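Report on the structure
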Amino acid sequence: MSYKSIQLLILFLLLILNIGNFILFFIQFDNRLAYLILPIDKSFSLICHQQSSKLFNYFTFHTLLCSRCTGIYLGGITALISILIGIKLKISKLELFYTSIFLMLSDIIFYTSGIYNYSQWIALITGFLFGIAALNLLMISLQNLIKEINSENF
Amino acid sequence: MKKYISSFVGGFGAGVLQIVPVAKNLACCLIVPIASYIAIQLERRASKDNNKIPLKKGIMIGLITGLYAALFGSLFELLITFITHNNDFIFAMSGLQKVIKDFPLDEKIKAEIFSMISKVASDIQRQGFSVLYSFSIIVNNFIINPLFGLIGGLISVQIINSKISKDTTEF
């Protein structure tokens, strides 16, 4: 399996995840999608707490994942599309990863300790940054894995 | 079995945390990837190996951690549902019904979805078990957890190896 095909597979998975997350918006175009709400909602309960107060509200709809998870998966797909079209980050991927974790943890600590109230936008942005960083790190890992496998074969 | 004892420990921890509401609220989708990181670190400690870890080994540990997390997560979830006749689906049911009710959907579709939700909920509340619910729990757990474990394993090895490279250049 080539690196390009792995990238496309991950893009496909992220696309499905993001469409599932915004399914309440898409139902207006095809009512039959409503049958998918129950299985998608149940599947998402494994990867997100889905607390109703923390879901991301847009127009008159809301996401099925919380604002932070919505940010993570939107960040992931944005980073992957950027990589596919050749946009490269000029900063260290590992430093970006640590910074994004620091920002995300700070937000969790600040709102749970009552320094400020929970904000869906802060959660979305910190999640988005983490998604970008994690996806970049994942892609480097995959490149290294392919190198490792190739060096074993030759 | 002994070979994957670190995955067992990580997976068991993740399986437990997946059903603890407070932990789930804080760690969210990061429970299984963090469990993979812990499993890899445990494996390094146990084998007393300070060299770089092959990515293939990281993937394997992550995948098995995810499988253990799926096994224990499903077991605990089904067991607790069976004992208490209650779970997060029952809590979320009214919200879900409200969402569907407010939507401008075809009445027939609405009625079918309501009956499906009600059937699952009444089975859980009466017997503590629903075939559809149990099937969805097991299938979801065994797809999502190994996938997240695998991703966690890959990223963890990348982080650990980068740290090892940095340490060896410093000294």
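All residue numbers here refer to positions counted from 1 along the written sequence of the relevant chain. Chains carry letters and ligands carry numbers; both start at the beginning, A for chains and 1 for ligands, and go up in the order they are written. Local features in a predicted model are, by the rule used here, given only for residues with pLDDT of at least 70; side-chain atom pairs are given and counted only at 80 or more, and totals for whole chains, interfaces and linings are based on all residues. Remark: hydrogens and water are excluded; side-chain values derive from all non-hydrogen atoms of the structure.

Each helix and strand counted, chain B has 7 helices and 0 strands in total. Only DSSP runs of H or I covering at least 4 residues are called helices, and only runs of E covering at least 2 are called strands; the numbering of each starts at the N terminus. The helix and strand sequence of chain B, counted from the amino end, reads α-α-α-α-α-α-α. What you see for chain B is a C-alpha radius of gyration of 20 Å, clearly larger than the 16 Å of a compact globule of 171 residues, by over 25%. Each residue is placed in one exposure class: buried if its accessible area under a 1.4 Å probe, protein chains only, is under 20% of its type's maximum, exposed if it is over 50%, and partly exposed if it falls in between. Looking at chain B residue by residue over its 171 residues, the buried ones come to 45%. A total of about 9,100 Å² of accessible surface is found on chain B, and carbon and sulfur atoms cover 70% of it. The globule rule used for comparison is 2.2 Å times the number of residues to the exponent 0.38, while the radius of gyration itself is calculated over C-alpha atoms. Computed with the Shrake-Rupley method and a 1.4 Å probe, the accessible areas treat only the protein chains shown as cover for residues.

To count toward a patch, a residue needs a relative accessible area over 30% and no salt bridge; like charges are then connected within 9 Å, while nonpolar side chains (Val, Leu, Ile, Met, Phe, Trp, Tyr) are connected within 5 Å. We define a salt bridge as a contact between a side-chain nitrogen of Lys or Arg and a carboxyl oxygen of Asp or Glu at a distance within 4 Å. On the surface, Met1, Leu9, Phe12, Leu13 and Ile16 of chain A together with Leu147 of chain B cluster together into a nonpolar patch covering about 610 Å² of accessible area. Examined against the element boundaries, leucine 147 of chain B turns out to sit in helix H7 (residues 131–170).

Our focus in this paragraph is the interface of chain B and chain A. Taken together, the contact between chain B and chain A spans 38 residues of the former and 41 residues of the latter. For the pair chain B and chain A, the summed buried area comes to about 3,500 Å², and 74% of that belongs to carbon and sulfur atoms. Polar contacts, as counted here, are pairs of nitrogen or oxygen atoms within 3.5 Å of one another; within protein the pair requires one atom able to donate a hydrogen and one able to accept it, and residues that are adjacent in sequence qualify only if both atoms are side-chain atoms. There are 6 residue pairs in polar contact (both at pLDDT 80 or more) connecting chain B and chain A. Elements with a contribution of two residues or more to the side of chain B that touches chain A: helix H2 (21–27), helix H4 (55–84), helix H5 (88–102), helix H6 (107–127) and H7 of chain B. The element contributing the most residues to the side of chain B that touches chain A is H7 of chain B, with 13 residues. Gly is placed with the polar residues, together with every amino acid not listed as nonpolar (Ala, Val, Leu, Ile, Met, Phe, Trp, Tyr, Cys and Pro) or charged (Asp, Glu, Lys and Arg). For the side of chain B that touches chain A, the residue count by class is 26 nonpolar, 7 polar and 5 charged. Any two residues whose heavy atoms approach within 4.5 Å are treated as being in contact. By buried area we mean how much accessible surface two parts lose on assembly, using a 1.4 Å probe and totalling the loss over both.

Turning our attention to the environment of asparagine 150 of chain A. Its place among the elements puts asparagine 150 of chain A in helix H6 (residues 120–153). With 39 residues separating them in the primary sequence, asparagine 150 of chain A and tyrosine 111 of chain A have C-alpha atoms 47 Å apart.

How big an interface is tends to be stated in terms of the accessible area lost upon association of its parts. Residue and element names in this part refer to chain B. Each assigned domain of chain B is listed with its residue range as follows: domain 1 (2–85 + 129–170) and domain 2 (86–127). Where each domain starts and ends comes from a domain assignment, either automatic or drawn from a database. Distance between the C-alpha centres of domain 1 and domain 2: 32 Å. With 11 residues of domain 1 at the interface, the matching set in domain 2 holds 11 residues. Of the roughly 910 Å² buried at the junction of domain 1 and domain 2 (both faces included), carbon and sulfur atoms supply 49%. The interface formed by domain 1 and domain 2 holds 0 salt bridges in total. There are 6 residue pairs in polar contact (both at pLDDT 80 or more) connecting domain 1 and domain 2. Among the secondary structure elements, those contributing two or more residues to the side of domain 1 that touches domain 2 are H4 and H7.

Moving on: the nonpolar core. Among buried residues, those of type Ala, Val, Leu, Ile, Met, Phe, Trp, Tyr and Cys that are joined through side-chain atoms within 4.5 Å constitute a nonpolar core. Ranked by internal contacts, the top residues of the largest apolar core, which has 80 residues, are Ile10, Ile47 and Tyr73 of chain A. Sort the elements by how many residues they give to this core and H6 of chain A lands first, with 11 residues. Summarising the domain contributions, this core has at least three residues from each of domain 1 (2–85 + 129–170) and domain 2 (86–127) of chain B. In contact with tyrosine 73 of chain A, not counting residues within four places along its chain, are Leu14, Leu17, Asn18, Ile47 and Leu65 of chain A together with Cys29 and Phe148 of chain B.

Residue and element names in this part refer to chain B. Model confidence for chain B is summarised by a mean pLDDT of 85, while 93% of its residues fall at 70 or above. Along the chain, pLDDT gives the predictor's confidence residue by residue, from 0 to 100. Looking across chain B, the model is least confident in H2, with a mean pLDDT of 69, and most confident in H4, with 92. Across the interfaces of the predicted complex, the ipTM metric reaches 0.80, alongside a pTM of 0.84.

Turning our eyes to something else, we now look at the state of the cysteines. Residue and element names in this part refer to chain A. The disulfide criterion is simple: two cysteine sulfur atoms within 2.5 Å. Enumeration according to the criterion identifies 0 disulfides over all chains in this entry. Considering cysteine sulfurs only, cysteine 66 is the nearest to cysteine 48, which forms no disulfide, with 3.5 Å between them. Cysteine 66 gets classed as buried once you look at its relative accessible area, which sits at 2%.

What follows is about the pattern of salt bridges. Residue and element names in this part refer to chain B. Scanning all chains against the criterion turns up 5 salt bridges over all chains. Of the charged contacts in the structure, one is a salt bridge between aspartate 123 and arginine 126, with a shortest N-O distance of 3.4 Å. Of this pair, aspartate 123 and arginine 126 are both found in helix H6, 3 residues apart, which corresponds to roughly one turn of the helix. Counted as one network, the salt bridges with shared partners bring together Lys119, Asp123 and Arg126.

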